[in-house]
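Inside the fold
So the chains spell out like this:
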Amino acid sequence: MKIFISADMEGISGVATNMQLSKDSEYQRFRKLMTQDVNAAIAGAFDGGATDVVVADGHGNMSNILIEDLDERATLISGNNRVMCQLEGLDDSYSGVFFVGHHGREGGDERAVINHTLAGVCVSELRVNGQVVGETQLNARVAGQFGVPALFVAGDDAYVREVQQDLPHVVGAVVKRGIDRYAAELLPPRKAQQVIRAQAAEAMKLVGHVPPLVVTGPVTFEVEYKTTAQAHMTTTIPLVEQVGPKTIRFTSPDMVTAYKLFWGCVIIGMTATTGVLGAVNA
């Protein structure tokens, strides 16, 4: 049984503010905690019968996990030039996908810690076939096209609740209680990692018993950006239509194609935030 772990950072144990994830602040501390949370999920997967585990680092520049400290039974996908973003490497050979350290969506529960949708600098809301989704819900639908079900999530209580409203079978590990976007009641990391390991092992019992979340095509994405420039510049892609000052829409034949196009639109949106090529002559 192969398990794919998509790892983010905002939802790991100990994190309560963006400053803790900043390279000029406490980032090195929290890289270690991220690695430890991921290791706990890896251990739980193997406790539950996994034969192979692949981890995709999915936060920021997607090279945060300390490979020298990673559980030696797993392999790591690191680096940021990826067509499939947080799901790089996923295919139909996997039995399930885990989401460790992920977070609630932008515009969701006000207590979700550091809530945003893929790129907080530019995306206000994402709708898939009219349904508002966050990162985990989006990724679960993409995994569904490969026939891979989402089995496990770890993060704050508001995030776990949000995902389970959409995917009620998913096993959740709550590592902190959200108070505000930038405040949380935290479990000590060792205790949080014990919870992650135990719940990850429990999630392995779902393998072969829950179906993947399959969205049949065509698939329509609507993305609401935070500025007009971000939305406007994505229309450099001919398939993208601007349907409002800050909103774009496109339709793709399937979820994987739509995911790639959305990721491309996010890249353009982030670049357009301060003006495309704005720093070339700086």
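Per chain, residues are indexed from 1 in the order of the written sequence. Two thresholds apply to this predicted model, a pLDDT of at least 70 for residue-level local features and 80 or more for giving and counting side-chain atom pairs, whereas whole-chain, interface and lining totals are computed over all residues. With hydrogens and water set aside, each side-chain value is computed from the structure's full complement of heavy atoms.

1. Structural notes on the overall build of the protein chain
Per the secondary structure count, the protein chain includes six helices and 12 strands. Only C-alpha atoms enter the radius of gyration, while the globule expectation follows 2.2 Å times N to the 0.38, with N the number of residues. The globule rule puts the C-alpha radius of gyration for 282 residues at 19 Å, and the 18 Å found for the protein chain is close to it. The dimensions of the protein chain, computed from C-alpha atoms along their principal axes, are 50 × 45 × 30 Å. Classification of residues uses two cut-offs on accessible area relative to the type maximum, computed with a 1.4 Å probe and protein chains only: under 20% is buried, over 50% is exposed, and between them is partly exposed. Within the protein chain, the fraction of its 282 residues that count as buried is 54%. Between two residues, a contact is recorded if the distance between any of their heavy atoms is within 4.5 Å. Long-range pairs, those at least 24 residues apart, make up 69% of the contacts in the protein chain between residues at least 6 apart in sequence. Asp and Glu count as negative and Lys and Arg as positive, but His and the ends of the chain are not part of the count. Positions of charges follow a simple convention, taking NZ of Lys, CZ of Arg, CG of Asp or CD of Glu. Considering the protein chain, the positive charge centre built from 23 side chains and the negative charge centre built from 31 side chains are found 3 Å apart. Helix and strand definitions follow DSSP, with helices as H or I runs of at least four residues and strands as E runs of at least two, each counted in order from the N terminus.

2. Details of the nonpolar core
The nonpolar side chains of a soluble globular protein tend to be buried, and buried together. By nonpolar core we mean a set of buried residues, namely Ala, Val, Leu, Ile, Met, Phe, Trp, Tyr and Cys, connected to one another through side-chain atoms within 4.5 Å. Membership of the largest hydrophobic core comes to 50 residues, with the highest contact counts inside it found for Leu138, Phe221 and Phe262. Top element by residues in this core is helix H6 (residues 255-272). It accounts for 10 residues. Apart from the residues within four sequence positions on either side, phenylalanine 262 is in contact with Leu118, Leu126, Leu138, Phe221, Val223 and Phe250. One finds Ala7, Phe46, Val53 and Val100 within the second-largest nonpolar core, a separate group that totals 43 residues.

3. Here we look at the sheet that holds strand S8 (residues 171-180)
Adjacent strands of a sheet form backbone hydrogen bonds with each other and so pair up, either parallel or antiparallel. Any two strands with at least two DSSP-identified bridges between them are counted as paired. One open sheet accounts for seven strands, arranged S3-S2-S1-S4-S7-S8-S9; its pairing is mixed. Bordering the open sheet on either side are strand S3 (74-77) and strand S9 (183-186), each of which pairs with just one other strand. Neighbouring strand axes in the sheet, compared pairwise and without regard to direction, differ in orientation by 25 degrees on average. Bridge count for strand S4 (residues 96-100) against strand S7 (residues 150-156) is four bridges, and the pairing is parallel. Bridge pairing in S7 links phenylalanine 99 to valine 153. Here helix H1 (residues 27-47) sits on the sheet and contacts strand S1 (2-7), strand S2 (52-57), S3, S4 and S7; the angle it forms with S2, its principal contact strand, is near 155 degrees. Under this scheme, a helix contributes an axis fitted over its contacting stretch, all axes are lines through C-alpha atoms, and angles between N-to-C directions fall in the 0 to 180 degree range.

4. Thoughts on the environment of valine 142
With respect to the helices, strands and loops of the structure, valine 142 is situated in helix H2 (residues 135-145). For the pair formed by valine 142 and alanine 258, sequence separation is 116 residues and the distance between their alpha carbons is 8.9 Å. Discounting chain neighbours no more than four positions away, the residues touching valine 142 are Met84, Leu87, Met255, Val256 and Tyr259.

5. Section: the packing of H1 against helix H4 (residues 189-203)
For any two helices packed against each other, one specifies the crossing angle of their axes together with the interaxial distance. Direction vectors running N to C along H1 and H4 enclose 30 degrees, while the axes themselves pass 7 Å from each other. Here H4 runs roughly parallel to H1, going by the angle between their axes. As for how H1 packs across H4, the hand of that crossing is right-handed. Where H1 abuts H4, its residues Leu33, Gln36, Asp37, Ala40, Ala41, Ala43, Gly44, Ala45 and Asp47 lie against Pro189, Gln193, Ile196, Arg197, Ala200 and Ala201. Gly counts as polar in this scheme, as do all residues outside two lists: the nonpolar Ala, Val, Leu, Ile, Met, Phe, Trp, Tyr, Cys and Pro, and the charged Asp, Glu, Lys and Arg. Within the contact of H1 with H4, the residues separate by chemical class into nine nonpolar, three polar and three charged. Every angle not falling under 35 degrees, over 145, or within 65 to 115 is termed oblique; those three ranges are roughly parallel, roughly antiparallel and roughly perpendicular. The sense of a crossing depends on the near helix, which, turned anticlockwise from the far helix by less than a right angle, makes the crossing left-handed and, turned clockwise, makes it right-handed.

6. Looking at the sheet that holds strand S5 (residues 123-128)
The strand order across the open sheet formed by five strands is S6-S5-S10-S12-S11, and the pairing between neighbours is antiparallel. Every interior strand has two partners, whereas the edge strands, strand S6 (131-132) and strand S11 (241-244), have only one. Pairing of S11 with strand S12 (residues 247-252), which is carried by three bridges, proceeds in the antiparallel orientation. Paired with glycine 244 across the strands is threonine 247, a residue of S12. Helix-sheet contacts for H6 involve S5, strand S10 (219-225) and S12, and the interaxial angle to S10 is about 15 degrees.

7. What about helix H3 (residues 157-166)?
Of all the positions in H3, only Asp157, Ala158, Tyr159, Val160, Glu162 and Val163 are classed as buried. Against S4, H2, S7 and S8 lie the buried residues of H3. Here a polar contact is taken to be a pair of N or O atoms separated by no more than 3.5 Å, where protein atoms must pair a possible hydrogen donor with a possible acceptor and residues adjacent in sequence count only if both atoms sit in side chains. Capping of H3 at its N-terminal end is provided by aspartate 156; its side-chain oxygen lies 2.9 Å from the backbone amide nitrogen of alanine 158.

Purely geometric stuff here, so don't read any function into it on its own.
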